[in-house]
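# Inside the fold
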Amino acid sequence: QVQLVESGGGLVQAGGSLRLSCAASGSIFSINRMGWYRRAPGKQRELLAAITSGGSTNYADSVKGRFTISRDNAKNTVYLQMNSLKPEDTAVYYCNADAQPRSSSQVYPYWGQGTRVTVSS
């Protein structure tokens with residue numbers, strides 16, 4: 001089994017910054033793509049950013065230029081640096097990892113429980 005735990009959420013004023021972290025633990029053979037998603041009340045889950053094991057990234061238009069995704073492969077951790085936050089960014093943020101556990105030859109998607117981000121106006 002692979003577990004993901006997000007941290008770093010909280011309350012911030014518009015224009016401020018937050019740094020989210022997501023650490024993977026368990027019996028892991030490898031982690032391929034890692035990503036960040038969010039879901040606001042009444043809205044569908046949205047892919048914000050993703051990063052491959054080699055460091056290639058992609059971003060949603062809504063956060064491009066404001067958010068930066070990175071990862072530390074040695075720590076099995078992915079980060080999301082969020083700058084110039086807007087009230088529209090208020091949501092629960094989730095990380096995911098496409099990982100292969102040591103007990104399997106297949107890659108499975110894993111999800112964290114989420115961390116809440118509230119941006120005040």
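As a starting point, this report considers the structure included with it. (Residues numbered from 1 in each chain as written. Predicted model: local features only at pLDDT ≥ 70, side-chain atom pairs only at ≥ 80, totals over all residues. Heavy atoms only, no water.)

### As for the overall build of the protein
Note the cut-off: Secondary structure elements are defined from DSSP: runs of H or I of at least 4 residues count as helices, runs of E of at least 2 residues count as strands, and each element is numbered from the N terminus. A radius of gyration in this sense is built from C-alpha atoms; the matching globule rule multiplies 2.2 Å by the number of residues raised to 0.38. Each residue's exposure class comes from its accessible area (1.4 Å probe, protein chains only) as a fraction of the maximum for that residue type: buried when under 20%, exposed when over 50%, partly exposed otherwise. Two residues qualify as a contact provided that any one of their heavy atoms is within 4.5 Å of a heavy atom in the partner residue. Note on areas: Shrake-Rupley, 1.4 Å probe, and residue coverage restricted to the protein chains presented here. We score Asp and Glu as negative and Lys and Arg as positive, and we do not count His or the chain ends. Just so you know, the charge point we use is NZ for Lys, CZ for Arg, CG for Asp and CD for Glu.
Scanning the protein for helices and strands turns up 0 helices and 11 strands. Since a compact globule built from 121 residues should have a radius of gyration of about 14 Å, the 14 Å found for the protein is in line with a globular shape. With respect to the three principal axes, the spread of C-alpha positions in the protein is 50 × 25 × 25 Å. Counting the 121 residues in the protein, one finds 42% classified as buried. Restricting to contacts in the protein with at least 6 residues of sequence separation, those with at least 24 account for 54%. Counting only carbon and sulfur atoms, one obtains 45% of the accessible surface of the protein, whose full area is about 6,500 Å². For the protein, the distance from the average position of its 13 positive side-chain charges to the average position of its 7 negative side-chain charges is 2 Å.

### Digging into the packing of aromatic side chains
Applicable threshold: Aromatic rings from Phe, Tyr and Trp, with only the six-membered ring used for Trp, were paired whenever their centres fell within 6.5 Å, and each pair was classed as stacked if the ring planes differed by under 30 degrees, edge-to-face if by over 60, and tilted otherwise. Distance and angle both matter: a charge sits over a ring if NZ of Lys or CZ of Arg is within 6 Å of the ring centre and within 35 degrees of the ring normal.
Counting across every chain of the model gives 1 aromatic pair. Over the aromatic face of Tyr 79 sits the side chain of Arg 19, whose NZ or CZ is 4.3 Å from the ring centroid.

### Digging into the pairing of strand β3 (residues 18-26)
How we decide: Here, any two strands with at least 2 DSSP bridges between them count as paired.
Both strand β1 (residues 2-7) and β3 contribute to a ladder of 6 bridges, which runs antiparallel. Residue Ser 7 lies in a different strand from β3, and its bridge partner there is Ser 21. Sheet topology places β3 next to strand β8 (residues 77-82); 6 bridges connect them, and they run antiparallel. Of the residues in β8, the one forming a bridge with Leu 20 is Leu 80.

### Structural notes on the state of the cysteines
Quick reminder of the rule: In this description, a disulfide is simply a cysteine sulfur pair whose atoms lie within 2.5 Å.
Under the defined criterion, the tally for this structure stands at 1 disulfide. Disulfide pairing is shown between Cys 22 and Cys 95; the S-S distance is 1.8 Å. Measuring the twist about the S-S bond at about 40 degrees, one finds the Cys 22-Cys 95 disulfide to be right-handed. Here Cys 22, found in strand β3, pairs with Cys 95, found in strand β9 (residues 91-101); they are 73 residues apart in sequence, far enough to count as distant. Residue classification places Cys 22 among the buried positions, given a relative accessible area of 0%.

### What about the pattern of salt bridges?
The cut-off we apply is this: Criterion for a salt bridge: a side-chain nitrogen of Lys or Arg within 4 Å of a carboxyl oxygen of Asp or Glu.
Tallying each qualifying case throughout the model produces 4 salt bridges. Between Asp 98 and Arg 33 there is a salt bridge whose closest N-O contact spans 4.0 Å. One end of the pair, Asp 98, is in strand β9; the other, Arg 33, is in strand β4 (residues 28-39), and 65 residues separate them in sequence. Here Arg 33 falls in the partly exposed class, since its relative accessible area comes to 28%. In this structure, the salt-bridge partner of Arg 38 is Glu 46, at a minimum N-O distance of 3.1 Å. Classification of Arg 38 as buried rests on a relative accessible area of 8%. Here the salt bridges do not stand alone but share partners, grouping Arg 38, Glu 46, Arg 66 and Asp 89 into one network.

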